[in-house]
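The primary structure of each chain is shown beneath.
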Amino acid sequence: MKIKVLLVAIAWTGFMQASVYASGDPANGQTLAMQGDGSGAPCAACHGPQGEGMAAATFPRIAGLDADYALRQMIAFQQGQRVNAAMTMNIDNFDEQQLADLAAYFATLPVPAPAAATASEEQLALGKKLALEGDWDNYLPPCSSCHGPNNQGVDGTFPGIAGQHASYLKQQLELWQQGQRTSDPVQLMEAIAKRLSPEQIEAVAAYLASQPAVAKQ
Ligand code: HEC
Ligand code: HEC
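Residues numbered from 1 in each chain as written. Chains lettered and ligands numbered in written order. Predicted model: local features only at pLDDT ≥ 70, side-chain atom pairs only at ≥ 80, totals over all residues. Heavy atoms only, no water.

Per an unreviewed UniProt entry, the protein goes by Cytochrome c553 and derives from Pseudidiomarina indica. Its UniProt record, at the heading Subcellular location (unreviewed entry), says of the protein: "Periplasm". (UniProt positions renumbered as here; feature names shortened; annotations may be inferred.)

Dropping the structure here:
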């Protein structure tokens, strides 16, 4: 259990000095979401009319995401700690206040019910174990030790990951394994992802995607 305590301690000290962002205006965010940043596509073109995302294209659900988390991630795309040309191109003309407004708007949208799981019972059972109990033999704490009870998220630092598309969850874990996502200030997720096998990634992504999420503000 020492490792768990240590990881959580590292997590909290790393984030104590998290910056305070401007709070957003959801009404203006809705207008900006429909207009886009002038590069051509409104958010809905990829994230769906209600922010529900598109599983087949690994476009994440952004409805109900914690506003501080969504803002921090959009800044990470602008600054290059997350790299995705299509996403960055469509937000790079927004300033921080506009991004805060967008984040505030999507945080208010209801989270759709999760899609029916297509994974096998065995996969879902393995995924549930990783998500809620961990795999201590491989130094893996449960996802919920950072992502909160039932992985619903804690705040702008530790996001909800339940009810996100499996394709996107899998892709993000692989990006961390490859060292391509550096938005996590103290690289907690890189350490976690590098200890997961491909089978464990499939399983935990399938399980989390099958779990309902609640909207955060
Ligand atoms: C052309 C497609 C496209 C458009 C348009 C687009 N996005 Fe994205 N967005 C993506 C993709 C793809 C990702 C995931 C990229 C990755 O991590 O590689 C993403 C990721 C995000 C994330 C991070 C989600 C998370 O869980 O970490 C947020 C927040 C977001 N987009 C908000 C927006 C907003 C707000 C708009 C409109 C102003 C927008 N996006 C427009 C494709 C798009
Ligand atoms: C030690 C703490 C910790 C543990 C344990 C942990 N995470 Fe995370 N996770 C984080 C942090 C911090 C972030 C935010 C990263 C950032 O700011 O980009 C995150 C983000 C994520 C994201 C990106 C979400 C998004 O919408 O962008 C995914 C996916 C994820 N974690 C999956 C998992 C899975 C699956 C597990 C369990 C196998 C897990 N995490 C365990 C700390 C943790």
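## Focus on the overall build of the protein
From N to C terminus, the protein includes eleven helices and zero strands. Its helices and strands in sequence order give the protein the pattern α-α-α-α-α-α-α-α-α-α-α, from N to C terminus. Across the protein, the fraction of contacts at a sequence separation of at least 24, relative to all contacts at a separation of at least 6, is 70%. For the protein, the accessible area works out to roughly 10900 Å², and carbon and sulfur atoms hold 58% of it. (Helix = DSSP H or I, 4+ residues; strand = E, 2+ residues; numbered from the N terminus. Contact = heavy atoms within 4.5 Å. Areas by Shrake-Rupley, 256 points an atom, 1.4 Å probe, with all protein chains shown as cover.)

## Describing the site of ligand 1
Neighbouring ligand 1 are 25 residues; C43, C46, H47, R82 and M87 lie closest to it. H47 is positioned with one of its side-chain polar atoms (N or O) 2.8 Å from a nitrogen atom of ligand 1. Looking at the shell around ligand 1, the elements that each hand over two or more residues are α3 (44-47), α4 (67-79), α5 (85-89), α6 (96-108) and α9 (166-177). Top element by residues in the shell around ligand 1 is α4. It accounts for five residues. Partitioning the shell around ligand 1 into residue classes produces 19 nonpolar, five polar and one charged. (Near = heavy atom within 4 Å. Polar contact = N/O pair within 3.5 Å; in protein donor to acceptor, adjacent residues only side chain to side chain. Nonpolar A, V, L, I, M, F, W, Y, C, P; charged D, E, K, R; others polar.)

## With respect to the coordination of the iron atom of ligand 2
Here the iron atom of ligand 2 is held by H147 (NE2) and M189 (SD), and the distances to it run 2.0 to 2.2 Å. The site at the iron atom of ligand 2 holds six donor atoms, and with the angles between them running 83 to 179 degrees, its shape is octahedral. Placement of the pair is H147 in helix α8 (residues 144-147) and M189 in helix α10 (residues 188-194), with a sequence separation of 42 residues. (Donors = N, O, S within 2.8 Å, 3.2 Å for Na, K, Ca; no water. Tetrahedral: all angles 85-135°; square planar, octahedral: opposite > 155°, others 65-115°.)

## A short note on the site of ligand 2
Contacts to ligand 2 come from 26 residues, most closely from C143, C146, H147, S183 and M189. In this structure, an oxygen atom belonging to ligand 2 sits 3.2 Å away from a side-chain N or O atom of Y168. Between ligand 2 and R181 there is a distance of 2.8 Å, counted from an oxygen atom to a side-chain nitrogen or oxygen. Looking at the shell around ligand 2, the elements with two or more residues in it are α4, α8, α9, α10 and α11 (198-209). The element best represented in the shell around ligand 2 is α9, accounting for four residues. A class-by-class count of the residues in the shell around ligand 2 yields 17 nonpolar, five polar and four charged.

## Description of the coordination of the iron atom of ligand 1
Here the iron atom of ligand 1 is held by H47 (NE2) and M87 (SD), and the distances to it run 2.0 to 2.1 Å. Coordination geometry of the iron atom of ligand 1: the six donor atoms subtend angles of 89 to 178 degrees at the metal centre, consistent with an arrangement described as octahedral. Taken together, the residues span a long stretch of sequence, with H47 in helix α3 and M87 in helix α5 at a distance of 40 residues.

## What to know about the side chain of T88
Among the structural elements, T88 can be located in helix α5. Note on T88: relative accessible area 17%, which makes it buried. Aside from chain neighbours lying at most four places away, what touches T88 is F77 and Q78. (Buried < 20%, exposed > 50% of the residue type's maximum accessible area, 1.4 Å probe, protein only.)

## Structural notes on α9
Helix length check: α9 (twelve residues) gives 17 Å between terminal C-alpha atoms against 16 Å at 1.5 Å per residue, within 8%. Along α9, the residues that are buried comprise Y168, L169, Q172, L173 and W176. Projection of α9 onto a plane perpendicular to its axis shows the buried side chains occupying an angular sector of 135 degrees, all on one side. Against the buried residues of α9 lie α10 and α11. (Expected span 1.5 Å × (residues − 1). Arc of directions from axis to C-beta.)

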